[in-house]
Amino acid sequence: MAHMGVSFELNGELCAGGKGPRDLITDVPGVRVGHVTLCGDSPDGPLHTGVTAIVPPGDCFADKLSAAAYVSNGFGKSMGLVQVDELGSLETPILMTNTLSCGACYDALVRHALDRHAEIGVDTGTVNPVVMECNDGPINTIRAMAVTPQHGLDAIAAAGDTFDEGDVGAVDGCDYTIGVLVLTNFGSRSCLRIAGRPVGRLLAEAEDKVDDDPDKGSIVAVIATDLPADSRQLRRMAKRVTVGIARCGGYIGN
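Residues numbered from 1 in each chain as written. Predicted model: local features only at pLDDT ≥ 70, side-chain atom pairs only at ≥ 80, totals over all residues. Heavy atoms only, no water.

1. What to know about the nonpolar core
Point 1. By size, the foremost hydrophobic cluster in this structure holds 20 residues, and its most contacted members are I54, I94, M96 and L181.
Point 2. When contributions to this core are tallied by element, the ones reaching two or more residues are β7 (94-98), β8 (130-134) and β11 (219-225).
Point 3. Membership of the second largest hydrophobic core comes to 16 residues, among which are L38, L109, V147 and A159. (Core = buried A, V, L, I, M, F, W, Y, C linked by side-chain atoms within 4.5 Å. Buried < 20%, exposed > 50% of the residue type's maximum accessible area, 1.4 Å probe, protein only. Helix = DSSP H or I, 4+ residues; strand = E, 2+ residues; numbered from the N terminus.)

Below, the structure written as structure tokens:
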């Protein structure tokens, strides 16, 4: 997604929201992000994969955070969204990884919670890890299953205020912030639009190339905010991510 301020329409007029000082999801107070990247060779083939951790402020197992999820096209293998949808709360960091490494990241989040809460599974219930995924098979030997639980823990430990990518915007002049972090492997260049212009099509025409990639791929977007919103309001925000995807030239396929 382009690094640009949020635009929205209010009473028929186009309004521009300012962006945060970092232009990252970590402009939301207390939110941190960390990466572990695996890039190299393995006995099975080349690796280009890893883990991204989104770490909320405080101890969200002890002090549950309001949360919601919205699935616009359910061809995914995410973990933990059923309980988020049922209870409207988040109790672990969120890990993002490749499709076949969801289990390793689930284990990492369980270990992270058990190490900090001796009461889990004894005096209280269990824990609901939230893991998101995209298939990185076109650029990574996904069958190698190179991501381990330790990589998930390392990504959490590496979390900080700055990281490689992100997009953020402030809301309506108030002292609240909304940040969005996107994991994606979907779309085709010919559909790419930036600030409303068909940049992808223009590039293809300039190079005299035809982009005939089939409809496939995934996109995951995580929103963080310090707005005093409940889970119902957060789900309304999550649904509206699809509008931002469409503004960049994306669409919902099958």
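From this point, the narrative continues.
2. Description of the pattern of salt bridges
Point 1. All told, the structure shown has six salt bridges when counted by the stated rule.
Point 2. Two residues, D27 and R22, come together in a salt bridge whose shortest N-O distance is 3.5 Å.
Point 3. Residue classification places D27 among the buried positions, given a relative accessible area of 10%.
Point 4. The class of R22 is partly exposed, set by a relative accessible area of 35%.
Point 5. Between D115 and R111 there is a salt bridge whose closest N-O contact spans 3.3 Å. With a gap of four residues between them, D115 and R111 both fall in helix α2 (residues 102-116), about one helical turn apart. (Salt bridge = Lys/Arg side-chain N within 4 Å of Asp/Glu carboxyl O.)

3. Observations regarding the sheet that holds β7
Point 1. The four strands are arranged β3-β4-β7-β8 in an open sheet whose pairing can be described as mixed. Taken across any chain shown, the strands that pair with only one partner, and hence form the sheet edges, are β3 (32-42) and β8. Between one strand axis and the next, the sheet turns through 15 degrees on average, direction left out of account.
Point 2. Bridge analysis of β7 against β8 gives five bridges, and the strand direction is parallel. Bridge pairing links I94 to V130 in β8.
Point 3. Across the face of the sheet, helix α3 (residues 149-157) comes into contact with β3, β4 (45-55) and β7 while running at roughly 140 degrees to β3. (Pairing = 2+ DSSP bridges. Axes fitted to C-alpha atoms, helices over the stretch in contact; angles between N-to-C directions. Contact = heavy atoms within 4.5 Å.)

4. Considering helix α5 (residues 231-239)
Residues spaced three or four apart along an α-helix point in a common direction, a consequence of the helix completing one turn every 3.6 residues.
Point 1. Looking only at α5, the buried set comprises L234, M237 and A238. Within α5, the buried residues cover an arc of 100 degrees as seen down the axis, which keeps them to one side.
Point 2. Where α5 is buried, its residues meet β5 (65-66), β10 (177-184), β11 and α6 (241-247).
Point 3. If you check the start of α5, you find a side-chain oxygen 3.2 Å away from the backbone N of R232, and it comes from D230. (Arc of directions from axis to C-beta. Polar contact = N/O pair within 3.5 Å; in protein donor to acceptor, adjacent residues only side chain to side chain.)

5. A word on the confidence of the model for the protein chain
Point 1. Mean pLDDT for the protein chain: 84, with 86% of residues reaching 70 or above.
Point 2. Across the protein chain, α2 holds the top mean pLDDT of 97, while strand β9 (residues 167-170) sits lowest at 24.
Point 3. Counted against residues more than four places away or in other chains, residues 166-173, with its pLDDT under 50, gives 35 contacts. (pLDDT = per-residue confidence, 0-100.)

6. Focus on unusual backbone geometry
Keep in mind that most residues, glycine aside, have a negative phi and that most peptide bonds are trans.
Point 1. Even without being glycine, D23 reaches a positive phi, approximately 60 degrees.
Point 2. Along the polypeptide, D23 turns up in the loop between β2 (13-16) and β3.

7. Describing α2
Point 1. Here α2 spans 22 Å end to end across 15 residues, near enough to the 21 Å set by a 1.5 Å rise per residue.
Point 2. Among the residues of α2, those classed as buried are C102, A104, C105, A108, L109, H112 and A113.
Point 3. On its buried side, α2 packs onto β4, β7, β8 and α3. (Expected span 1.5 Å × (residues − 1).)

8. Thoughts on the pairing of β3
Point 1. In terms of strand pairing, β3 meets β4 through eleven bridges, oriented antiparallel. Along β4, the bridge assignment pairs R32 with V55.
Point 2. Linking β3 to β4, which pair antiparallel, is a turn of two residues.

9. Topic: the side chain of E91
Point 1. Residue placement: E91 occurs in the loop between β6 (89-90) and β7.
Point 2. In terms of polar contacts, E91 uses its side chain to reach the backbone amide nitrogen of N128, at 2.7 Å.

10. Overview of the layout of surface pockets
Over the atoms a probe the size of a water molecule is rolled, and this reveals where empty space is left.
Point 1. The space that makes up the second largest pocket amounts to roughly 200 Å³.
Point 2. Examining the composition of the lining of the second largest pocket, we find that four residues originate from one element, α2, more than from any other.
Point 3. Classifying every residue of the lining of the second largest pocket gives seven nonpolar, four polar and four charged. (1 Å grid on protein atoms, 1.4 Å probe; cavity = no way out; pocket = protein on both sides within 12 Å on 5 of 7 lines; lining within 4 Å. Points joined across faces, edges and corners; volume = space filled by probe spheres on them. Nonpolar A, V, L, I, M, F, W, Y, C, P; charged D, E, K, R; others polar.)

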